[in-house]
Amino acid sequence: MKPIRLGMVGGGSGAFIGAIHRIAARMDGHYQIVAGALSSDPERAAASAAELGLDRSYADFNEMARAEAAREDGIEAVSIVTPNHLHAAPAIAFLNAGIHVICDKPLTATPEQAQALAEAVRASRARFFLTHNYCALPMVREARALVAEGALGQIRLVQAEYLQGWLADEVDNKQAAWRTDPAQAGAGALGDIGTHAWQLAQFVTGHTPSHVSAEVSSIVPGRPIDDDARVSLRYASGAKGGLWASQVAVGQENGLSLRLFGTEAALEWRLEESERLILTPKNGPAQILTRAQDRSTSYRTPPGHPEGYLEGFANLYSDIAAIIRGDTTDLERVPGLIAGLSGMSFIAAAKASSAQGGAWIEIGE
């Protein structure tokens with residue numbers, strides 16, 4: 001089967017997330033990257049394309065969408081790996097051209113951009129995918145299966161955390177510059193990592209909180225964007241939850257975790273030990289579940305050979321390829337517009353709650 005012809009917007013030489021997406025797309029042989037608008041600077045875009053061996057380089061994503069849609073051998077899908085404020089416009093351009101879009105998270109920087117993008121998705125014959133990569137890790141998918149099977153009983157408590165310490169002081173580099181700029185990021189810790197924790201809890205439990213109460217802070221003096229968010233959650237089922245996202249937690253590297261407590265058992269997963277789950281029955285000892293029990297087939301090496309960050313992205317790219325080719329109708333484990341809009345609603349509700357002193361805010365659609 002021929003690889004899907006893939007383009008990329010953003011992600012030129014030296015860009016961290018662009019390289020991640022390229023590696024993930026190629027890992028299982030489902031894609032061939034042939035075109036890109038890799039930078040807003042035409043010379044840098046051309047230099048990056050030449051370095052990567054791309055057939056076609058564009059100085060502008062609008063030009064790329066028009067030209068590729070008109071070619072018989074044009075791209076079939078595009079990866080958008082730009083800062084948050086540049087997600088919507090390229091995505092809309094390619095959706096309008098009938099080209100599938102694979103977009104890095106969060107959905108957009110602002111609610112207005114999210115609404116415009118949602119309208120484009122609904123009007124297009126092309127599909128839209130959002131790369132919340134952690135939900136594609138094998139043991140996260142196993143956790144989802146266990147919850148769905150009732151292994152925990154009724155979920156009572158949900159605790160999601162994503163803790164980093166890299167922005168505990170002022171940081172002078174490209175990654176920090178746009179992530180701490182409200183005009184480019186839209187939200188700080190809430191958008192950058194809080195949406196990962198939000199989506200992870202939603203994906204595994206199958207439930208979305210109905211209300212939030214939040215304290216959203218800028219801990220580093222003078223920082224114009226949030227770097228710490230503490231959120232209480234209420235579920236329609238009566239379950240309670242908590243979400244803490246921080247980029248100023250000194251000593252934390254990439255502390256994404258999820259703990260669930262049900263009427264019959266508890267379940268715990270941590271990214272830094274992503275190859276295992278801890279299942280604790282109500283009246284029994286804790287059990288460590290490894291990938292030997294995984295039923296998702298979301299792995300490519302034998303148990304005991306760790307898979308992680310890159311493979312999560314690769315799993316999504318492989319699942320997306322199957323959807324584009326029409327090989328599967330199982331769309332539930334690949335995030336898309338609904339997951340993106342949910343993340344944006346979470347950000348908006350948390351900000352509104354914090355502005356009102358932690359008042360309980362109903363989460364919008």
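Keep in mind that what you see is a predicted model, and the values were worked out from it rather than measured. (Residues numbered from 1 in each chain as written. Predicted model: local features only at pLDDT ≥ 70, side-chain atom pairs only at ≥ 80, totals over all residues. Heavy atoms only, no water.)

## Some details on the packing of aromatic side chains
Okay, step 1: Enumeration according to the criterion identifies six aromatic pairs in this entry.
Okay, step 2: Residues Y134 and Y162 carry aromatic rings whose centres are separated by 6.0 Å and whose planes lie at 75 degrees to one another, so their mutual orientation is edge-to-face. Residue Y134 is found in the loop between β6 (128-130) and α6 (138-149), and its partner Y162 is found in strand β7 (residues 155-163); the two are separated by 28 residues along the sequence.
Okay, step 3: For Y162, a relative accessible area of 2% corresponds to the buried category.
Okay, step 4: Taking the centre distance of 5.3 Å and the plane angle of 80 degrees together, the rings of Y309 and F313 count as edge-to-face. Taken as a pair, Y309 and F313 lie in helix α10 (residues 309-325) at a separation of four residues, close to a single helical turn.
Okay, step 5: Looking at Y309, the relative accessible area reads 29%, which means it is partly exposed.
Okay, step 6: An aromatic cluster is defined as three or more aromatic residues linked by ring pairs; in this entry it consists of F16, Y134, Y162, Y309 and F313.
Okay, step 7: Cation over ring: R144 sits above F203, and NZ or CZ is 4.3 Å from the ring centre.
Okay, step 8: When the ring centre of W360 is taken as origin, the NZ or CZ atom of R234, which lies over that ring, is 3.8 Å away. (Phe/Tyr/Trp six-rings, centres within 6.5 Å; stacked < 30°, edge-to-face > 60°. Helix = DSSP H or I, 4+ residues; strand = E, 2+ residues; numbered from the N terminus. Buried < 20%, exposed > 50% of the residue type's maximum accessible area, 1.4 Å probe, protein only. Lys NZ or Arg CZ within 6 Å of the ring centre and 35° of its normal.)

## Structural notes on the pairing of strand β1 (residues 4-9)
A regular strand places its side chains so that they alternate between the two faces of the sheet.
Okay, step 1: A large share of β1 lies buried, amounting to five of its six residues.
Okay, step 2: For β1 and strand β4 (residues 77-80), the ladder comprises four bridges, and the chain directions are parallel. Bridging from a neighbouring strand, L6 pairs with A77 of β4. (Pairing = 2+ DSSP bridges.)

## Notes on the domain arrangement of the protein
Okay, step 1: Splitting the protein by domain gives domain 1 (4-131), domain 2 (134-293) and domain 3 (310-355).
Okay, step 2: Taking the mean C-alpha position of each, domain 1 and domain 2 sit 28 Å from one another.
Okay, step 3: Across the boundary between the two partners, domain 1 contributes eight residues, which contact 11 residues of domain 2.
Okay, step 4: Carbon and sulfur atoms supply 50% of the area that domain 1 and domain 2 bury against each other, a total of about 800 Å² over both sides.
Okay, step 5: Of all residues in domain 1, the largest losses of buried area upon contact with domain 2 belong to N84, H85 and K105, amounting jointly to 48% of the total for that side.
Okay, step 6: Along the contact surface separating domain 1 from domain 2 lie one salt bridge.
Okay, step 7: At the boundary of domain 1 and domain 2, one finds three residue pairs in polar contact (both at pLDDT 80 or more). (Domains from an automatic or database assignment. Contact = heavy atoms within 4.5 Å. Buried area = accessible area lost by both parts, 1.4 Å probe. Salt bridge = Lys/Arg side-chain N within 4 Å of Asp/Glu carboxyl O. Polar contact = N/O pair within 3.5 Å; in protein donor to acceptor, adjacent residues only side chain to side chain.)

## Overview of the sheet that holds strand β8 (residues 211-217)
Okay, step 1: Across the sheet, which stays open at both edges, the nine strands sit in the order β14-β13-β12-β11-β7-β10-β9-β8-β15 with mixed pairing between neighbours. The open sheet has two edge strands, β14 (287-290) and β15 (361-362), and neither has a second partner.
Okay, step 2: As paired elements, β7 and strand β11 (residues 255-262) share eight bridges and run antiparallel to each other. When the sheet's bridge partners are listed, Y162 is paired in β11 with L256.
Okay, step 3: Relative to β8, helix α11 (residues 337-355) is tilted by about 70 degrees, and along the sheet it contacts β8, β9 (228-234), β10 (240-246) and β15. (Axes fitted to C-alpha atoms, helices over the stretch in contact; angles between N-to-C directions.)

## With respect to the environment of S257
Okay, step 1: The residue S257 is located in strand β11 in this model.
Okay, step 2: S257 sits in the buried class, given a relative accessible area of 4%.
Okay, step 3: For S257 and G7, which are 250 residues apart along the polypeptide, the C-alpha to C-alpha distance reads 33 Å.

## So, the nonpolar core
Okay, step 1: In terms of nonpolar packing, the biggest core is built from 78 residues, with M64, F94, V101, F128, V204, L243 and W269 touching the most fellow members.
Okay, step 2: The element contributing the most residues to this core is helix α9 (residues 189-205), with nine residues.
Okay, step 3: Excluding anything up to four places from it in sequence, F94 contacts V9, F61, M64, A65, I75, V78, I99 and V101.
Okay, step 4: Grouped together as the second largest cluster of nonpolar side chains are 26 residues, I17, I33, A49 and Y317 included. (Core = buried A, V, L, I, M, F, W, Y, C linked by side-chain atoms within 4.5 Å.)

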